[in-house]
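# An overview of the molecular structure
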Amino acid sequence: MLTRIDHIGIACFDLDRTVEFYRATYGFEVFHSEVNEEQGVREAMLKINSTDDGGASYLQLLEPTREDSTVAKWLAKNGEGVHHIAFGTADVDAESADIREKGVRVLYEEPRRGSMGSRITFLHPKDCHGVLTELVTSAPVESPEH
Ligand code: CMX
Ligand code: CO
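Starting afresh in each chain, residues are numbered from 1 along the sequence in its written order. Ligands are numbered from 1 and chains lettered from A, in the order in which they are written. In view of the model being predicted, local features appear only for residues whose pLDDT reaches at least 70, and side-chain atom pairs are presented and counted only at 80 or more, with totals across whole chains, interfaces and linings using the full set of residues. Side-chain figures throughout are based on the complete set of non-hydrogen atoms in the structure, without hydrogens or water.

Quick look at the nonpolar core now. Nonpolar core, defined: a set of buried Ala, Val, Leu, Ile, Met, Phe, Trp, Tyr and Cys residues in which side-chain atoms within 4.5 Å join the residues together. The buried label applies to any residue whose accessible area, calculated with a 1.4 Å probe on protein chains only, is under 20% of its type's maximum; exposed applies above 50%, and partly exposed to all values in between. If you look at the biggest cluster of nonpolar residues, it comprises 9 residues: I10, C12, L15, V19, Y22, A44, L46, L59 and L61. Elements with a minimum of two residues in this core: α1 (15-26), β3 (41-50) and β4 (56-64). In contact with I10, not counting residues within four places along its chain, are Y22, L59, Q60, L61, L62, G81, V82 and H83. Counting 7 residues, the second largest nonpolar core, distinct from the first, contains I99, V104, L123 and L135. Going along the chain from the N terminus, every DSSP run of H or I of four or more residues is numbered as a helix, and every run of E of two or more is numbered as a strand. Two residues form a contact once any of their heavy atoms are found within 4.5 Å.

Here a donor is any nitrogen, oxygen or sulfur atom (N, O, S) within 2.8 Å of the metal, with 3.2 Å used for Na, K and Ca; water is not among the atoms considered, so some sites may look incomplete. Coordination of the cobalt ion (ligand 2) by the protein is provided by H7 (NE2), Q60 (OE1), H84 (NE2) and E134 (OE), with metal-donor distances spanning 2.1 to 2.2 Å. Expressed as a motif, the donor residue spacing for the cobalt ion (ligand 2) is H-x52-Q-x23-H-x49-E. Remark: E134 occurs in strand β8 (residues 133-137) and Q60 occurs in strand β4; sequence separation between them is 74 residues. The pair Q60 / E134 is uniform in exposure class, with both members buried.

Moving on, we come to the site of ligand 1. Lining the immediate surroundings of ligand 1 are 18 residues, of which Q39, K73, K77, H83 and K126 lie closest. Any pair of N or O atoms that falls within 3.5 Å is considered a polar contact. Within protein, one atom must be able to donate a hydrogen and the other to accept it, and sequence-neighbouring residues count only if both atoms are side-chain atoms. At a separation of 2.7 Å, a nitrogen atom of ligand 1 approaches a polar side-chain atom of Q39. Burial of ligand 1 by the protein chains amounts to 69% of its free accessible area of 980 Å². With a 1 Å grid laid over protein atoms only, a set of points is called a cavity when a 1.4 Å probe fits there but cannot get out and a pocket when it is open yet has protein on both sides within 12 Å along at least five of seven lines; lining residues have an atom within 4 Å of a point. By definition, a pocket or cavity contains a molecule when more than half of the molecule's atoms lie within 2 Å of the pocket's grid points. Taking a 2 Å distance to the grid points as the criterion, the majority of the atoms of ligand 1 fall inside the largest pocket. Only α2 (70-78), β5 (81-89) and β7 (119-123) provide two or more residues apiece to the shell around ligand 1. Per-element accounting of the shell around ligand 1 gives the leading share, 5 residues, to α2. Asp, Glu, Lys and Arg are counted as charged, while Ala, Val, Leu, Ile, Met, Phe, Trp, Tyr, Cys and Pro are counted as nonpolar; the rest, among them Gly, fall into the polar class. Partitioning the shell around ligand 1 into residue classes produces 8 nonpolar, 6 polar and 4 charged. To be near a molecule or strand, a residue needs just one of its heavy atoms within 4 Å of it. Here the accessible surface of atoms and residues is derived via Shrake-Rupley with a 1.4 Å probe, and residues count as covered only by protein chains that are part of the display.

This part is about the environment of R119. Relative to the helices and strands, R119 is located in strand β7. Under the relative-accessibility criterion, R119 is labelled partly exposed at 33%. Along the backbone, R119 and S50 are 69 residues apart, and their C-alpha atoms lie at a distance of 19 Å.

Attention shifts here to the pairing of strand β1 (residues 2-11). Direction of pairing for β1 relative to β5: antiparallel, over a ladder of 8 bridges. Looking across to β5, one finds that H7 is bridged to A86. Any two strands with at least two DSSP-identified bridges between them are counted as paired. Both β1 and β4 contribute to a ladder of 5 bridges, which runs parallel. From the neighbouring strand, G9 faces β4, where its bridge partner is Q60.

Two strands pair when backbone bridges link them, and β5 and β8 are joined in this way by 4 bridges, in the parallel orientation. From the neighbouring strand, F87 faces β8, where its bridge partner is L135.

This brings us to the sheet that holds β1. Pairing in this open sheet of 8 strands is mixed, and the strands run β2-β3-β4-β1-β5-β8-β7-β6 from one edge to the other. Each edge of the open sheet carries a strand with a single partner, namely β2 (30-36) and β6 (112-113). Note on geometry: axes are C-alpha line fits, over the in-contact stretch for helices, and angles between N-to-C directions span 0 to 180 degrees. Packed on one face of the sheet, α1 meets β1, β2, β3 and β4 and runs near 150 degrees to β4.

Right, here's the structure in full:
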């Protein structure tokens, strides 16, 4: 089951300036930032709200780290803007298998590492009415030690 909007991915040329726009305009603060070399992005996650499945919804601001990355290619073609949407699920493996059976191309054989230790995969935008769609299972919340 897909239970929340996990994030909206927004491609930008300058992460620091874009973070500052979201802070100054809306008051959103950076919850987490990291570089994901496999995906070729430097990213900032701005937490917007918690969700009733125990997760949260974020904006994911993305700046490419290399010219041959998917986000760099997309920015060169389209300029800045909304790059993808991501749905949250407790079981990205099961969701991927179900959706693949429906004839939608799931881009990865096995989910890969996403923000904050999550596991992610993508659905091809050409099979999703033009929307690059990501599926996310968050890393388990560490339980306090007893
Ligand atoms: N949204 C909608 N359509 C898109 C798109 C996007 N983000 N990216 C590409 N497309 C469309 C293109 O417009 C193009 O359509 P036309 O043929 O009609 O022009 C078609 O898809 C092929 O595009 P392309 O520029 O040739 O790009 P590629 O096929 O090389 O790559 C894709 C497209 C989806 C396979 C690639 O972007 C991908 O693997 N994405 C998943 C990984 C990713 O996006 N990582 C960055 C985010 C990381 C994170 O969220 O953590
Ligand atoms: Co994403």
